[in-house]
Amino acid sequence: MSYTLPEKAATLQPYDPVEGSYAIRLDANESWLTPDAATREQWGKAVAAMDFNRYPDPLAAAPVAAFAKMYGVDPALVTAGNGSDELISILMTTFLQKGDAMLCMAPDFSMYRFYTHLTENRAVVYQKDDDLQIDVDAVLALAKQEQVRLIIFSNPCNPTSLGLDREAVRRLIRGTDALVVLDEAYMDFWDQSLLDEVADYDNLIILRTASKALGLAAVRLGLAVANPRLTAVIRAAKSPYNVNLATQTLAAEALSDPDYQRRCAETLVTARRELAAGLAPLLNAGKLTRLYDSCTNFVLVELPDARRVFETLKTQYSIVVRCFGDNRLRITAGSPDENAALLQALNDIL
Ligand SMILES: *Cc1c(COP(=O)(O)O)cnc(C)c1O
C-alpha cells in the first residue's frame, strides 16, 4: 500500500515569516512597546493563579468584556479567537459552502486566499491599480458578476497602508448580498471604524486584533464583531476552547485600562509619522519612487531594486523589513532608535 497526499495538501505553501535572529525587526507590523517590569510581574501573578486543570471559559468573557468596554461595543456581539488568523479560518470554513466563490483583493493580507486553498473554494481576486486604491464600484461589479458569497479585505490595508473611508466601506457593504468580512487589524491607527454600527448590517463581520496597537502579538487574541444572528453562527462554529486561559488572563489584564489602546496607538502613529518624514528626503532625491500615504503603523515605499535593498539591509545591517515584488518594501515603524538606524542604513545603501 502507499499513501498519496491529497492535491490541496501536497501543493500547500506555508506562511513564510522572516526567520533568524536580527538586531532590528521591522517586518511584521508588531508594536515596539512592551510592558514594564512591574506590569510583567502583575501579569505573571495572574497567570500563576490560573486554574490549570480546568477548561477555560468557551466565550472568553473576561477579555471580551474588557475589549467591549475599551471600544464601546456590546460584548454580546463579540467572539474571541486564537488570533484573528483563527477567526479568518473559521469564517471561511463556515460562511462558504461547496462551490461558493469569495472575493479578496490584491495586494492584501495573504492569509485570506490561503484558507480558500484549503476549503477548495474559488477565490475571485480584485486587482488594485498602480495607486493601490480600492474602486468600490468595480469591486461590487466583480462581486456581482462572479456571484461571490463572501468579500474579505483589510481596512486600513496591509500591505498598502492605505485606508478606505467609512462612507465608501458602507457603500460596499450595502451594495452586495455577500457577507463582508472587514478586517480592521490596523484601525486603532485610524478613525474610520464601523464598529459602532456593526449591528445595523445583516452582512457584516468586523475583525479586530490585540496583535498590533495593543502590542500583544505573542498572546494571540482576535475578535469578531457582528450582529447577534451572525455571532450565534460564529460561536457555534468555533471549537469550544479555542482561546486558552493564559491568553484570556493576560488579555483581560492588558485590556483592563480603557485608555491603554489610545495611548499606545498615539505613540505608534507618532513613530510612523517620524519614519515617513525621515523617508521624505529620499523620495525628493528620487531614490524612492513613491511613499504611500499611511494610516497604519507601517509605511510602504516603492523603489527600483527593492530585493537588493531588502537583502542588504538584512545581511549588512541586521535590519529586516518585508519585500513585496521587485519594487516595494513594507517597513514597520519601530522605536526612535530603530527608525534612525533604518534611515541611516537606507541612506547609505541608496
Ligand atoms: C497582523 C494582521 C492580523 C492579525 O492577526 P492575528 O492573528 O490577530 O495576530 C490580521 N489581519 C491583518 C490584515 C494583519 O495584518
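How each quantity is defined
Sequence order sets the numbering: in each chain, residues are counted from 1 along the sequence as written. Only residues with pLDDT of 70 or above have their local features reported here, since the model is predicted, and side-chain atom pairs are shown and tallied only from 80 upward, although totals for entire chains, interfaces and linings are computed over all residues. The basis for every side-chain value is the complete set of non-hydrogen atoms in the structure, without hydrogens or water. Two strands qualify as a pair provided that DSSP identifies no fewer than 2 bridges between them. For the purposes of this entry, the term helix denotes a DSSP run of H or I that reaches at least four residues, the term strand denotes a run of E that reaches at least two, and both are numbered from the N terminus. Angles here are taken between N-to-C directions and fall from 0 to 180 degrees, while the axes themselves are lines fitted to C-alpha atoms, restricted in helices to the stretch in contact. Every residue pair with non-hydrogen atoms within 4.5 Å of one another is taken to be in contact. By convention in this text, a residue qualifies as near a molecule or strand provided that one of its non-hydrogen atoms is within 4 Å of it. By the criterion applied in these results, polar contacts are pairs of N or O atoms within 3.5 Å in which, for protein atoms, one can donate a hydrogen and the other can accept it, and in which residues neighboring in sequence qualify only through two side-chain atoms. Values of accessible area rely on a 1.4 Å probe in the Shrake-Rupley scheme; residue burial ignores everything except the protein chains shown. Three categories are distinguished: nonpolar for Ala, Val, Leu, Ile, Met, Phe, Trp, Tyr, Cys and Pro, charged for Asp, Glu, Lys and Arg, and polar for the others, with Gly belonging to the last. With a 1.4 Å probe rolled over the protein chains alone, any residue whose accessible area is under 20% of its type maximum counts as buried; one over 50% counts as exposed, and the rest are partly exposed. A crossover gets the label right-handed when its path from the first strand over the helix to the second runs clockwise, viewed with the strands pointing away from the viewer. Here, nonpolar core refers to any group of buried Ala, Val, Leu, Ile, Met, Phe, Trp, Tyr and Cys residues whose side-chain atoms link them within 4.5 Å.

Draft legend 1. Molecular detail of the sheet that holds strand E5 (residues 150-154). Taken in spatial order, the 7 strands line up as E2-E8-E7-E6-E5-E3-E4 in an open sheet, and their pairing is mixed. Since the sheet does not close on itself, it has two edges, and those belong to strand E2 (78-81) and strand E4 (122-127), each with one partner. Strand-to-strand twist of the sheet, defined as the mean angle between neighbouring strand axes without regard to direction, takes the value 20°. Pairing of strand E3 (residues 101-106) with E4 involves 6 bridges; the strand directions are parallel. Across the sheet, Met105 pairs through a bridge with Tyr126, a residue of E4. Against the sheet, helix H4 (residues 83-95) contacts E2, E3, E5, strand E6 (179-183), strand E7 (204-209) and strand E8 (222-226), and its axis sits at roughly 160° relative to E7.

Draft legend 2. Just the site of the ligand, in detail. Contacts to the ligand come from 14 residues, most closely from Ser84, Asp183, Thr209, Ser211 and Lys212. Taking Ser211, its side chain carries an N or O atom lying 2.6 Å from an oxygen atom of the ligand. Here an oxygen atom of the ligand and a side-chain polar atom of Lys212 are 3.1 Å apart. Calculation on the ligand without its partners gives an accessible area of 390 Å², and the protein chains cover 93% of this total. Among the elements that make up the shell around the ligand, the one with the highest residue count is H4 (3 residues). Tallied by class, residues from the shell around the ligand come to 4 nonpolar, 6 polar and 4 charged.

Draft legend 3. Summary view of the pairing of E3. In terms of burial, E3 is a largely internal element, 6 of the 6 residues being buried. Neither face of E3 is left uncovered, since the one carrying Ala101, Leu103 and Met105 and the one carrying Met102, Cys104 and Ala106 both have all their residues buried. In this region the chain leaves E3, passes through helix H5 (residues 111-119) and returns to the parallel neighbour E4; the handedness of that crossover is right-handed.

Draft legend 4. Examining the sheet that holds strand E9 (residues 290-291) more closely. Here we have 4 strands laid out as an open sheet, ordered E9-E10-E13-E12, and antiparallel in their pairing. A single partner strand is all that each edge strand has here, and the edge strands are E9 and strand E12 (322-324). This element, helix H10 (residues 260-284), spans E9, strand E10 (298-302) and strand E13 (328-332) of the sheet and lies at about 15° to E10.

Draft legend 5. Spotlight on the nonpolar core. Residues Leu103, Ile151, Phe153 and Leu204 are the most contacted members of the largest nonpolar core, which totals 51 residues. Top contributing element to this core by residue count: helix H3 (residues 61-71), with 6 residues. Grouped together as the second largest cluster of nonpolar side chains are 26 residues, Ala276, Leu282, Val299 and Leu343 included.

Draft legend 6. The arrangement of unusual backbone geometry in detail. The amide bond that connects Ala106 to the next residue, Pro107, takes the cis arrangement and shows omega of 0°. Tracing the backbone through its elements, the reader meets Pro107 in the loop between E3 and H5. Note that the residue after Asn158, namely Pro159, is joined by a cis bond; omega there is 20°. Here Pro159 lies in the loop between E5 and helix H7 (166-174). Positive phi, close to 60°, is recorded for Asn29, a residue that is not glycine. Summarising the element assignment, Asn29 is placed in the loop between strand E1 (24-25) and helix H2 (37-48). When its relative accessible area of 1% is taken as the criterion, Asn29 is described as buried. The phi angle at Arg220 is positive, at roughly 65°, despite the residue not being glycine.

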